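Analysis of the macromolecular model
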Amino acid sequence: MARISRLIRQFFSNFFRKSRTISNEPVNKLSLIVIVVIDIFILINVFTGLNDISTWPMTPAQTYPCYYEWNNYRTQTDQDKDYKIISNSLVSTTFKQSYQQAEERHLGKVFTTCLTYGEHKDKIKNPQNEQAQITINQKDSKISNLRRSNNTIREQYDSTLLEKIAGQSRERSINQVSAEKAKQELERNNRNISRLQQEIDNLKKEIISRPESVSFLAFINDEGKFNTIRKKYQQASLWYPSVQFAFQSVFLLPLIFIALSVHKFTQRRGYGLIALMSWHLLVIFLIPLIVKIFDFLQFDAIFEFIFDIISAIVGSLIFLVSYVYILLIPLIGFGIIKFFQKIVFNPKIQAANRVKKLQCINCARKIKLDDHYCPHCGYYQYVECQSCHNMTYKYLPYCKHCGAYQDSVVD
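Please read these numbers as outputs of a predicted model, since none were measured by experiment.

**Describing the overall build of the chain**
On a plain count of helices and strands, the chain comes out with 15 helices and four strands. Here the chain, with 411 residues, has 33% of them falling under the buried criterion. Taking as baseline every contact in the chain between residues at least 6 positions apart, the subset at least 24 positions apart corresponds to 60%. As displayed, the chain offers around 25,500 Å² of accessible surface, 60% of which is attributable to carbon and sulfur atoms.

**Some thoughts on empty space enclosed by the protein**
Summary: where empty space remains is shown by rolling a probe the size of a single water molecule over the atoms. With the rule as written, the count across this model stands at two cavities of 30 Å³ or more. In this structure, the second largest cavity occupies an estimated 70 Å³ of space. Lining the second largest cavity, in full, are Arg354, Val355, Leu358, Gln359, Ile367, Lys368, Leu369, Asp371, Gln381, Tyr382 and Tyr393. Of the residues belonging to the lining of the second largest cavity, the class tally is six nonpolar, two polar and three charged.

**What about the state of the cysteines?**
For the structure shown, the criterion picks out one disulfide. Cys360 supplies the cysteine sulfur nearest to Cys374, a cysteine that is in no disulfide, at a spacing of 3.6 Å. What makes Cys374 buried here is its relative accessible area of 3%. With no disulfide of its own, Cys377 lies 3.6 Å from the sulfur of Cys360, the closest cysteine sulfur.

**Regarding unusual backbone geometry**
Its identity is not glycine, yet Leu358 carries a phi of approximately 55 degrees, on the positive side. Position of Leu358 relative to the elements: it lies in the loop between α15 (347-356) and β3 (382-384). At His389, a position not held by glycine, the phi torsion is positive, near 65 degrees. Relative to the elements of secondary structure, His389 occurs in the loop between β3 and β4 (391-393).

**Side note on the nonpolar core**
Membership of the largest hydrophobic core comes to 35 residues, with the highest contact counts inside it found for Trp70, Ile85, Tyr117, Ile220 and Ile229. Elements supplying a minimum of two residues to this core: α4 (67-75), α5 (81-87), α6 (95-101), α7 (112-124), α8 (127-165), α9 (179-209), α10 (211-220) and α11 (223-269). It is α9 that provides the largest number of residues to this core, a total of five residues. Ranked by size, the runner-up nonpolar core spans 11 residues in total, among them Ile42, Val46, Leu282 and Leu289.

**Section: the packing of helix α2 (residues 29-54) against α11**
Here α2 crosses α11 at 135 degrees, and the two axes come no closer than 9 Å. Considering their axes alone, α2 and α11 lie oblique with respect to each other. The element α2 and its partner α11 pack so that their crossing is right-handed. Residue-level contacts link Val46, Gly49, Leu50, Ile53 and Ser54 of α2 to Tyr240, Gln244, Phe247, Gln248, Phe251 and Leu252 of α11. When the residues that make up the contact of α2 with α11 are grouped by side-chain class, the tally is seven nonpolar, four polar and no charged.

**Things to note about a nonpolar patch on the surface**
Residues Phe257, Ile258, Val262, Phe265, Tyr271 and Ile274 make up a contiguous nonpolar surface patch of about 570 Å² in total accessible area. With four residues, the top contributor of residues to the nonpolar patch is α11. Inspection of the secondary structure puts Phe265 in helix α11.

**As for the environment of Thr266**
Note that Thr266 resides in helix α11. C-alpha separation for the pair Thr266 and Ser278, spaced 12 residues apart in sequence, amounts to 8.6 Å. When residues no more than four places from it in sequence are discounted, the contact partners of Thr266 are Tyr271, Ile274, Ala275 and Ser278.

**Describing α10**
One turn of an α-helix holds 3.6 residues; hence residues three or four places apart share an orientation. Every buried residue belonging to α10 is among Glu212, Ser213, Phe216, Leu217, Phe219 and Ile220, and all of these are buried. The buried residues of α10 occupy an angular sector of 155 degrees when the element is viewed end-on, so they sit on one face.

**What about the pattern of salt bridges?**
Across all of its chains, the model carries 10 salt bridges by this definition. With a shortest N-O distance of 2.6 Å, Arg74 and Glu223 are connected by a salt bridge. Residue Arg74 is located in helix α4, and its partner Glu223 is located in helix α11; the two are separated by 149 residues in the primary sequence. Classification of Arg74 as partly exposed rests on a relative accessible area of 25%. Note on Glu223: relative accessible area 43%, which makes it partly exposed.

**Digging into the side chain of Thr113**
Relative to the helices and strands, Thr113 is located in helix α7. Judged by relative accessible area, Thr113 falls into the buried class, the value being 16%.

**Comments concerning the packing of aromatic side chains**
Under the criterion given, the structure shown has 16 aromatic pairs. Ring geometry for Tyr117 against Phe219: centres 6.4 Å apart, planes inclined by 55 degrees, an arrangement best described as tilted. In this pair, Tyr117 is assigned in helix α7 and Phe219 in helix α10, connecting sequence segments 102 residues apart. Like Phe219, Tyr117 is buried. Three or more aromatic residues link up through ring pairs in this structure, and these residues are Tyr64, Tyr67, Tyr68, Trp70, Phe111, Tyr117, Phe216, Phe219, Phe226 and Tyr233.

The rules behind the values
Residues numbered from 1 in each chain as written. Predicted model: local features only at pLDDT ≥ 70, side-chain atom pairs only at ≥ 80, totals over all residues. Heavy atoms only, no water. Helix = DSSP H or I, 4+ residues; strand = E, 2+ residues; numbered from the N terminus. Buried < 20%, exposed > 50% of the residue type's maximum accessible area, 1.4 Å probe, protein only. Contact = heavy atoms within 4.5 Å. Areas by Shrake-Rupley, 256 points an atom, 1.4 Å probe, with all protein chains shown as cover. 1 Å grid on protein atoms, 1.4 Å probe; cavity = no way out; pocket = protein on both sides within 12 Å on 5 of 7 lines; lining within 4 Å. Points joined across faces, edges and corners; volume = space filled by probe spheres on them. Nonpolar A, V, L, I, M, F, W, Y, C, P; charged D, E, K, R; others polar. Disulfide = S-S within 2.5 Å. Core = buried A, V, L, I, M, F, W, Y, C linked by side-chain atoms within 4.5 Å. Axes fitted to C-alpha atoms, helices over the stretch in contact; angles between N-to-C directions. Parallel < 35°, antiparallel > 145°, perpendicular 65-115°, else oblique. Left-handed = near helix turned anticlockwise from the far one by under 90°. Patch = residues over 30% accessible without salt bridge, like charges linked within 9 Å, V, L, I, M, F, W, Y side chains within 5 Å. Salt bridge = Lys/Arg side-chain N within 4 Å of Asp/Glu carboxyl O. Arc of directions from axis to C-beta. Phe/Tyr/Trp six-rings, centres within 6.5 Å; stacked < 30°, edge-to-face > 60°.

Functional significance is not addressed by these values, which are geometric in nature.
In structure tokens, the structure reads:
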């Protein structure tokens, strides 16, 4: 653990040193503020570009725009569901055209079955059906008015009836309508409601029985077509996060490669300011990549899944989830540290590559073959061999003089 702690401190020390020095000389505060402002501006634009490129491929809902309505229709048990899905087609939108608009400025095509679905809906939207729907809406409005009137009459009727039972005279009544008259008006309104409802039912049947409606209903009740849509939609939903991540990587990786190449080139040539700027750009481009990797791996969904499992096991003892997180987070952190230590920032691998290129083991700047100390950062390059006691390179596992294995590769 002490070695891991030392490596972490060394990593952050090198990181901050590279981020605020030019040729190992500190950058003045004003220049550092300017660099930070540039970093923030670039970071905002990088995230904007990532958002734009992630929405470039069409979503499953855009590729299969008919799926939700179609699936909702099939899961309904309402007897009036045929009329409801047809009435939804009687809006001002041209469905096929609206589906195809998703293809503009996006990568992908709308599935042909959904375009056929839209064509059927567009045929339903004809003047006859639209007028029938307007009439249905008007009759529904009349029924609502009659029912509100009935509610008012019932309130007065109940009050008048109580007054009559109590023997109160008609002249002293607070209600304007007598009980007999209220009863007659209620009956008349109920007859009108029944008549209007029957007329609405007839209009609905008329709409459903028209050829374009029959053709549409036959289309959406085709099991084969719906199963094809369902499978393709589920498959697209499964792969869409991967597609988004791939496009985001295509956006970020060239920027990271260019920034890294410029940084290494300017370090070798001693262009301090450009090396500093390219280092900041490299960090700026790596931050969104790390964020998107975590987003792609859906760590929030993993924690939510763990939370649901523990909640089901312990019931009301929900505070026990905190114990699991307290144990789990350090383990994950330890795994990440070990990964970076063994693979990404392994000093043995870095030292081998830098010695091969005649670079400083610490700062990777160019040095001469016989330099014991780096003229750029002052780092001592050698350690005493435990076998022959000659000076050999730090971090390399074998002595360059006698070939003996070094139990400790640092001084």
